[in-house]
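Listed below, chain by chain, are the residues.
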Amino acid sequence: MSTSPITTPTEATQLSVEQQQQIAQAQASLPAGAPSPSASLYVGELDPSVTEAMLFEMFNMIGPVASIRVCRDAVTRRSLGYAYVNFHNIVDGERALESLNYTLIKGKPCRIMWSQRDPSLRKTGSGNVFIKNLDTSIDNKALHDTFSAFGNILSCKIALDESGNSKGYGFVHYETEEAADNAIKHVDGMLLNDKKVYVGRHIPRKERQAKIEQIRAKFTNVYVKNLDESINDEQFKEMFSKFGPITSALVQTDEEGKSKGFGFINFENYEDAHKAVDTLNETEHNGKTLYVARAQKKTEREEELRKQYEQAKLEKLAKYQGVNLYIKNLDDDIDDEKLRQEFSVYGVITSAKVMCDEKGTSKGFGFVCFSSPDEATKAVTEMNGRMIGSKPIYVALAQRKEVRRSQLEAQMAQRNQMRMQQGMPMPGAPGYMPGAPMFYAPPGQFMPQGQRPTVFAPNNMMPRPRWAPQQGQPVAGFPPQGFAPNSNVRPPRQPRAPRGGAAGQRKYANQSRQAPAAASAAAETAEGSAAAPLTAAALAAAAPETQKQMLGERLYPLINAQQPEYAGKITGMLLEMDNGELLNLLEDSKALDSKINEAVEVLKAHLSELPKEETA
């Protein structure tokens, strides 16, 4: 069964034609040869749904806008939550900063500051102030209003958690050191909303980490585990008293007073604590090997364990990078040993595993790990598409789920951009039909002229086909003949048979006599065999440009029977998969059902992220 994830394209938003014209007119109004002063503003804390068009409407009221850019992820094209707005002069930028800072956009107050600051000032942290013990009701605007009395503020921010709630601390960056000193002098120790706040110099993380390490190096509290259960507090203290004066010794016990096997020793001097750890760690006492180390807080232990886990994960990924293969479309009777035998001719195999369900039945896919990347590459090259048993197998380098998803999202984002350039309707745009089939060009290519997708007409008009044929060529597309996705769409009319011809035979005149005869023959074969079972041999015999169409004609009715609302979109998404995988879906109804369900979840998740006005 195929396990490739399905994704939907993320919607790329641009300025409207009218807004672009306004920007162009403002640029043209500048004197010829005049230098363009930089007045760039950083706009942060934005909702992911905020677009360039929304920001243009907001900032263009202040003055002519030179350009706007919402920063987006390079792979998913989703907003990173901040943007840059460029004015033609600094005066407009200053007015926008004064009047629009902390204005609500999509229910969230934006944070505006100058984007072009002295980099040396930013790196040294000069004029940066740290405030803690803040009341959770204090937001960015309230913090800015409180500290703006002491000097010009470059930036002001409250630290927020994942839920958007204040963490109780924040930062204020002044333009000058004098302003920062003045704020510390007057606000430190004062009451803000009945809470005494601390205001001091911001210390960079590296310096803070260095100080923390120095403090940890002078520890006096020692943690001891794997203790014999018969040891009490007095015996525990006696074990460590030879290293120096002890302030406390405690063995942890349960409700019944029985030892839990661990305890804590606190020395007066950190030198004695170091000596005890170095001497007694991993030594045997009463038949048990002791663990003796510096006592840690729970958060510190969790952070250390997380780092160890991440390190082990990276080492494991590096170990199997380029040598682990993913194989699918396997026959049910292929087990681990048969899988190993098939691939053993290409090199030394360290492991071979066919994945099975709880009942021990093969899931149709597995993994083979080689000892070197060269062996794995050779196996992929020669084994992919080879017949093993009754099926052609699919072989590729194994990838993590998040890597596969990011790659597919990048591909779908590219298709989305191409679709916009070709004039196809976007979700929420006029003429867009949620249930209408949507198709994409071949990977990394633009559709040739005459084959570009057309806008589907609403209501009772018949959707036009995927490919716009030349004059006289057969029209084939979706929905297939005899299928109506909804009651408002009529099935295409059957063409009349020419006079004197046998029933079912059709003749078409090719406008271009220089076109290869094989192309028209393949098109007629694809249409004539629409009802016949599609085999790998029949698919390979067809022209490359018609193979996806042949697969889609068989997938669409199967998908439409389960999900008529999303049948067109799901068909287009599935057609991005490899042809061998699509043949497997046509043969395996369970695999197809799983893929349809996965596609529906992705589509619903994507639609839920769109603004309400775009999904209405």
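Up top you'll find the structure we're talking about.
If you're wondering where the values come from, they're calculated on a predicted model, not measured in any experiment.

1. Here we look at the sheet that holds strand β6 (residues 111-114)
Pairing within the open sheet is antiparallel, and its 4 strands lie in the order β2-β3-β1-β6. Of all strands in the sheet, those with a lone pairing partner are β2 (65-72) and β6, marking the two edges. Neighbouring strand axes in the sheet, compared pairwise and without regard to direction, differ in orientation by 20° on average. Strand direction decides the pairing type here: strand β1 (residues 39-44) and β6, joined by 4 bridges, are antiparallel. In the sheet register, Val43 faces β6, and the bridge partner there is Ile112. Packed onto the sheet, helix α2 (residues 52-59) meets β1, β2, β3 (79-87) and β6 and runs at close to 145° relative to β2.

2. Describing the pattern of salt bridges
Under the defined criterion, the tally for this structure stands at 13 salt bridges. When the shortest N-O distance is used, the salt bridge between Lys157 and Glu45 registers 3.8 Å. Placement of the pair is Lys157 in strand β8 (residues 153-160) and Glu45 in the loop between β1 and α2, with a sequence separation of 112 residues. With a relative accessible area of 36%, Lys157 lands in the partly exposed category. We note a salt bridge from Arg72 to Glu52, for which the minimum N-O separation is 3.4 Å. Here Glu52 lies in helix α2 and Arg72 lies in strand β2, a separation of 20 residues in the sequence. Judged by its relative accessible area of 9%, Glu52 is buried.

3. Some remarks on helix α8 (residues 233-240)
The set of residues buried in α8 consists of Phe236, Met239 and Phe240. Each buried residue of α8 sits inside an arc of 85° when the element is viewed along its axis, so together they form one side. Exposed residues on α8 whose side chains face more than 90 degrees from its buried face are Glu234 and Glu238. Looking at the packing, one finds that the buried side of α8 touches β13 (221-225), β14 (246-253), β15 (259-267), α9 (270-280), β16 (284-285) and β18 (291-294).

4. Describing helix α3 (residues 90-100)
Along α3, the residues classified as buried are Asp92, Gly93, Ala96, Leu97 and Leu100. End-on view of α3: buried residues confined to an arc of 140°, all on one side of the axis. Here the buried face of α3 lies against β1, α2, β3 and β6.

5. Things to note about the environment of Ser362
Topologically, Ser362 is positioned in strand β21 (residues 362-370). Residues Ser362 and Asp331 lie 31 residues apart in sequence; the distance between their C-alpha atoms is 8.2 Å. Beyond its immediate chain neighbours, meaning those up to four positions away, Ser362 contacts Asp331, Asp332, Val354, Met355 and Cys356. For Ser362, the side chain forms a polar contact with the main-chain nitrogen of Gly364, separated by 3.1 Å.

6. A word on the packing of aromatic side chains
For any pair of aromatic rings, geometry is given as the distance between the ring centres together with the angle between the planes. Taken as a whole and assessed by the stated rule, the structure comprises 16 aromatic pairs. Judged by centre distance (5.5 Å) and plane angle (80°), the rings of Phe236 and Phe240 are edge-to-face. In this pair, Phe236 and Phe240 are both assigned in helix α8, 4 residues apart and thus about one turn of the helix distant. Taken as a pair, Phe236 and Phe240 share a single burial class, namely buried. Between Phe262 and Phe264 the ring centres are 6.3 Å apart and the planes differ by 85°, which places this aromatic pair in the edge-to-face class.

Conventions we followed
- Residues numbered from 1 in each chain as written.
- Predicted model: local features only at pLDDT ≥ 70, side-chain atom pairs only at ≥ 80, totals over all residues.
- Heavy atoms only, no water.
- Pairing = 2+ DSSP bridges.
- Helix = DSSP H or I, 4+ residues; strand = E, 2+ residues; numbered from the N terminus.
- Axes fitted to C-alpha atoms, helices over the stretch in contact; angles between N-to-C directions.
- Contact = heavy atoms within 4.5 Å.
- Salt bridge = Lys/Arg side-chain N within 4 Å of Asp/Glu carboxyl O.
- Buried < 20%, exposed > 50% of the residue type's maximum accessible area, 1.4 Å probe, protein only.
- Arc of directions from axis to C-beta.
- Polar contact = N/O pair within 3.5 Å; in protein donor to acceptor, adjacent residues only side chain to side chain.
- Phe/Tyr/Trp six-rings, centres within 6.5 Å; stacked < 30°, edge-to-face > 60°.

That is the geometry; function is a separate question.
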